[in-house]
Amino acid sequence: MIAIIDYGMGNLKSVSNALTMLNIKNKVTSHEQEIADAEGVILPGVGAFPVCMENLMRLKLIEVVKHVAQTKPFLGICLGLQLLFEESEEYGPVKGLGIFPGRVRRFRDGMMVDNERLKIPHMGWSEIRKIKDTEFLKQIPDESYFYFVHSYYVDTDESLAATRTFYGIDFISSISHKNLFACQFHPEKSQKLGLRLLENFSRIVENRGAL
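Along every chain, residues carry numbers that run from 1 in the direction the sequence is written. Predicted model: local features are reported for residues with pLDDT of at least 70 only, side-chain atom pairs are reported and counted for 80 or more only, and whole-chain, interface and lining totals are derived from all residues. Here the side-chain values reflect all heavy atoms present in the structure, with hydrogen atoms and water set aside.

Let's shift gears to the overall build of the protein chain. Only DSSP runs of H or I reaching four residues or more are called helices, and only runs of E reaching two or more are called strands; each is numbered from the N terminus. Check the secondary structure of the protein chain and you find six helices and 15 strands. Two things to know: the radius of gyration comes from C-alpha atoms, and the globule rule equals 2.2 Å times the number of residues to the power 0.38. Over its C-alpha trace the protein chain gives a radius of gyration of 16 Å, about what one expects of a compact globule, namely 17 Å for 211 residues. Throughout, exposure labels follow a simple rule: accessible area from a 1.4 Å probe, protein chains only, divided by the maximum for the residue type, with under 20% read as buried, over 50% as exposed, and the rest as partly exposed. Sorting the 211 residues of the protein chain into buried and exposed places 54% on the buried side. Here, two residues are considered to be in contact whenever any of their heavy atoms come within 4.5 Å of each other. For the protein chain, the share of sequence-separated contacts (at least 6 apart) that also reach a separation of at least 24 residues comes to 69%. Summed over its atoms, the accessible surface of the protein chain is roughly 9,800 Å², and 47% of this surface lies on carbon and sulfur atoms. Only four residue types enter the tally: Lys and Arg on the positive side, Asp and Glu on the negative side; His and the chain ends are excluded. Every charge is mapped to an atom, namely NZ of Lys, CZ of Arg, CG of Asp or CD of Glu. Side chains of the protein chain carry 25 positive and 26 negative charges; the gap between the two charge centres is 3 Å. Under the convention used here, a 1.4 Å probe and the Shrake-Rupley method define accessible areas, while residue burial counts only the protein chains that appear.

Here it is as structure tokens:
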């Protein structure tokens, strides 16, 4: 069973619906023991970084999220990527989970591409360029398009990068480290290739350790 962490905000239903459509057993939960006992864990996210951290603390989920992110197949989505790092500029600085070194930064206002001012948030389909091979991205072609909705990006060690994307700047759009994959884009909103990524995650959960 895959646990989808419910911290009172985020795109929980759309993630659960996508997994259910793929016949992947899942459960939306805020119970510490259910998260700890799950075979795989997804941390989705839509909303403000500090509110999410407050909710995780209120629900007493900080330690179990840190534990499963380092020990089980784990997928972070959008804000679920950003929370893994030390600190965010959003209404901050605000401390994150600190699993990885790095800072979450806001896109700079006034960014231009081809004499066109880019809108913030970055919203819509953008290309991902694969930086490293990982089972999480198996059968997903390089330079594929995924759906993004965000105003912030992660500034971290390049060794974590699985993909990069250009939107005014070249930023890390997903990371991969051992059992963990986290992406700034939304696989549950990215049609066929997004579903393939979720299938890859499910396969990793089933074949735990084959990363």
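Structure's up, so let's keep going.
Here a pair means two rings of Phe, Tyr or Trp (six-membered ring of Trp) with centres within 6.5 Å. Their orientation is stacked below 30 degrees between planes, edge-to-face above 60, and tilted elsewhere. Counting across every chain of the model gives 11 aromatic pairs. Ring geometry for F107 against F171: centres 5.5 Å apart, planes inclined by 80°, an arrangement best described as edge-to-face. Placement of the pair is F107 in the loop between β7 (100-106) and β8 (112-113) and F171 in strand β14 (residues 169-177), with a sequence separation of 64 residues. Note on F107: relative accessible area 1%, which makes it buried. When the ring of F148 is compared with that of F171, the centres are 6.1 Å apart and the planes differ by 85°; the resulting orientation is edge-to-face. Taken together, the residues F148 in strand β11 (residues 144-150) and F171 in strand β14 connect sequence positions 23 residues apart.

Bringing the environment of H186 into the picture now. Topologically, H186 is positioned in the loop between β15 (180-183) and α6 (191-206). A sequence separation of 69 residues divides H186 from R117, and the C-alpha atoms of the two residues are 24 Å apart. If we skip the residues at most four places from it in the chain, H186 touches N11, G45, V46, I77, C78, Y147 and V149.

One speaks of a salt bridge when a side-chain nitrogen belonging to Lys or Arg is within 4 Å of a carboxyl oxygen belonging to Asp or Glu. As enumerated under the stated definition, the model contains nine salt bridges in all. Within this structure, E87, E89, R103, R105 and D155 form a network of salt bridges that share partners.

Among the residues of helix α4 (residues 62-71), those classed as buried are I62, V64, V65, V68 and A69. The buried residues of α4 occupy an angular sector of 165° when the element is viewed end-on, so they sit on one face. Across α4 from its buried face, at more than 90 degrees, point the exposed residues E63 and Q70. Residues of α4 that are buried in the fold lie against β1 (2-5), α2 (32-37), β3 (40-43), α3 (49-58), β4 (74-77) and β15. In this context, the arc is that of the directions from the helix axis out to the C-beta atoms.

The subject of this paragraph is unusual backbone geometry. Here the bond from I120 into P121 is cis, since omega is 10°, no more than 30 degrees from zero. Summarising the element assignment, P121 is placed in the loop between β9 (116-117) and β10 (122-130). A positive phi angle, close to 60°, is found at N23, a residue other than glycine. Structurally, the position occupied by N23 is in the loop between α1 (12-21) and β2 (26-29). Residue N23 is classed as exposed on the basis of its relative accessible area of 73%. Even without being glycine, E143 reaches a positive phi, approximately 65°. Mapping E143 onto the fold places it in the loop between β10 and β11. Among the residues examined, E143 registers a relative accessible area of 47% and is labelled partly exposed.

The subject of this paragraph is the pairing of strand β5 (residues 85-88). Any two strands are treated as partners once DSSP identifies two or more bridges connecting them. Where β5 meets β7, three bridges bridge the pair, whose relative direction is parallel. Counted as the bridge partner of F85 is F100 from β7. Strand direction decides the pairing type here: β5 and strand β6 (residues 94-95), joined by two bridges, are antiparallel. What sits directly across from E87, in β6, is K95. Hairpin connection, β5 to β6: the antiparallel pair is bridged by five residues, and Y91 has positive phi, about 50°.

Read these as spatial facts, not as claims about activity.
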